[in-house]
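A closer look at the structure
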Protein chains: 2
Amino acid sequence: MTTAKVELFDDDLQHTASYFKALGHPARLAILKYLAESKSCISGDITNELPLSRTTVNQHLSELKNLGLIKGTTQGAKVNYCLNTEKVMALKQLLGDFLGAITLPDNFSCNK
Amino acid sequence: MTTAKVELFDDDLQHTASYFKALGHPARLAILKYLAESKSCISGDITNELPLSRTTVNQHLSELKNLGLIKGTTQGAKVNYCLNTEKVMALKQLLGDFLGAITLPDNFSCNK
DNA sequence: TAATAATGTCGTAAAAATACGTCATAAAAG
DNA sequence: CTTTTATGACGTATTTTTACGACATTATTA
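Conventions we followed
Residues numbered from 1 in each chain as written. Chains lettered and ligands numbered in written order. Predicted model: local features only at pLDDT ≥ 70, side-chain atom pairs only at ≥ 80, totals over all residues. Heavy atoms only, no water. Contact = heavy atoms within 4.5 Å. Buried area = accessible area lost by both parts, 1.4 Å probe. Salt bridge = Lys/Arg side-chain N within 4 Å of Asp/Glu carboxyl O. Nonpolar A, V, L, I, M, F, W, Y, C, P; charged D, E, K, R; others polar. Helix = DSSP H or I, 4+ residues; strand = E, 2+ residues; numbered from the N terminus. Buried < 20%, exposed > 50% of the residue type's maximum accessible area, 1.4 Å probe, protein only. Expected span 1.5 Å × (residues − 1). Arc of directions from axis to C-beta. Least-squares fit on C-alpha atoms with pLDDT ≥ 70 in both. Near = heavy atom within 4 Å. Polar contact = N/O pair within 3.5 Å; in protein donor to acceptor, adjacent residues only side chain to side chain.

**Observations regarding the interface of chain B and chain A**
Each side of the interface is counted separately: chain B has 47 residues, and chain A has 48 residues. Buried surface at the junction of chain B and chain A, summed over both partners, amounts to about 4,400 Å²; 78% is from carbon and sulfur atoms. Where chain B packs against chain A, one counts zero salt bridges. Split by residue class, the side of chain B that touches chain A holds 31 nonpolar, ten polar and six charged.

**Describing the pattern of salt bridges**
Side chains carrying opposite charge are able to pair once their charged atoms draw close together. All names here are of chain A. Per the counting criterion, the structure on display carries two salt bridges over all chains. The closest approach of N and O atoms between Arg28 and Glu63, which form a salt bridge, is 3.2 Å. Separated by 35 residues along the polypeptide, Arg28 in helix α2 (residues 26-37) and Glu63 in helix α3 (residues 54-66) bring together distant segments of the chain. Overall, Arg28 belongs to the buried group, its relative accessible area being 7%.

**Side note on the side chain of Asn84 of chain B**
Residue position: Asn84 of chain B is located in the loop between β2 (78-83) and α4 (85-101). Contacts of Asn84 of chain B, omitting those with residues within four sequence positions, involve Gly68, Leu69, Ile70 and Lys71 of chain B.

**Overview of α4 of chain B**
Since the α-helix packs 3.6 residues into each turn, any two residues three or four apart lie on the same face. Residues and elements named next belong to chain B. The end-to-end C-alpha separation of α4 is 24 Å, in line with the 24 Å expected for 17 residues at 1.5 Å each. Here α4 has its buried residues at Thr85, Val88, Leu91, Leu95, Phe98 and Leu99. Buried residues of α4, viewed axially, fall in a sector of 155°; they line one side.

**Here we look at the relation of the copies chain B and chain A**
Overlaying chain B with chain A gives an RMSD of 0.1 Å, the required rotation being 180° about an axis along which the chain moves by 0.0 Å. Here the symmetry operator amounts to a two-fold rotation axis. Both copies contact each other with a shared surface, as 100% of the interface residues of chain B are interface residues in chain A too.

**Quick word on the protein's contact with DNA strand D**
Of all residues adjacent to DNA strand D, which total 27 residues, the nearest are Thr55 and Thr56 of chain A together with Lys5, Asn58 and Tyr81 of chain B. Close to the protein, within 4 Å, the atoms of DNA strand D belong to sugar or phosphate groups at a rate of 59%. Gln59 of chain A places a polar side-chain atom, nitrogen or oxygen, 3.0 Å from a base nitrogen of DNA strand D. Interatomic distance of 2.8 Å between a side-chain N/O atom of Arg54 of chain B and a base oxygen of DNA strand D. If you list the elements that add at least two residues to the surface near DNA strand D, you get α3 of chain A together with α3 (54-66) and β2 of chain B. The leading source of residues in the surface near DNA strand D is α3 of chain A, at five residues. Split into classes, the residues belonging to the surface near DNA strand D amount to seven nonpolar, 14 polar and six charged.

Structure follows, in structure tokens:
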């Protein structure tokens, strides 16, 4: 019985981990990077930029969309995806705060 | 044939993603946080702090150790784990750089 | 209107991550 | 020396993630 134990942790840690996890796949990093570089929230032809099938890319897009990091605006038969600036800023804050908390003072030594 | 396509991406993206991924589980975040708070690199009794079996905690520790984020120093029968300050700083730099790259100018609007 | 394009959804196969129990080993305690 | 203690390594069950093909649907195009 290998049940998922993730929900036994602090909500705070779960929440933070979920965002780190979202950035834990090169395809999703590539999507975010692409959307940031091609400032004109280009449509789903992001597929052509990635070595993956359209279906798989769509799946990664959905993951990012579910977390709110990107949003898609339908224009006719096409869909324009773009970064959700507010959420991206919140993401930076969240991850930055965590990273900022795991530092040690310079005078600290492990093997003393 | 669902082969892993991760290696088809830029080394750069793969590398960055691997670090985000390492932080993508609450247990690993809890371990890092614990090591940072209890400044005295306490031994593997981190297990008592987590709702997981010792074996599983050990597995998470190994993951962090393999990435170099923490290091374990054997002292007799016990092992002192602690943050690898240099690597943690490098981690912050790496993730920070990526996050810094995915911003958009304020005057940018998706649905224009 | 018929054919083509662009997407999202569903089902599913394969791979990876999680989670433990059990063993083996080395050191500390008794 | 024998018994705990503290760990790491192995094997494996379950869950999750990753990756696609096949369809269905809605707009363009011809």
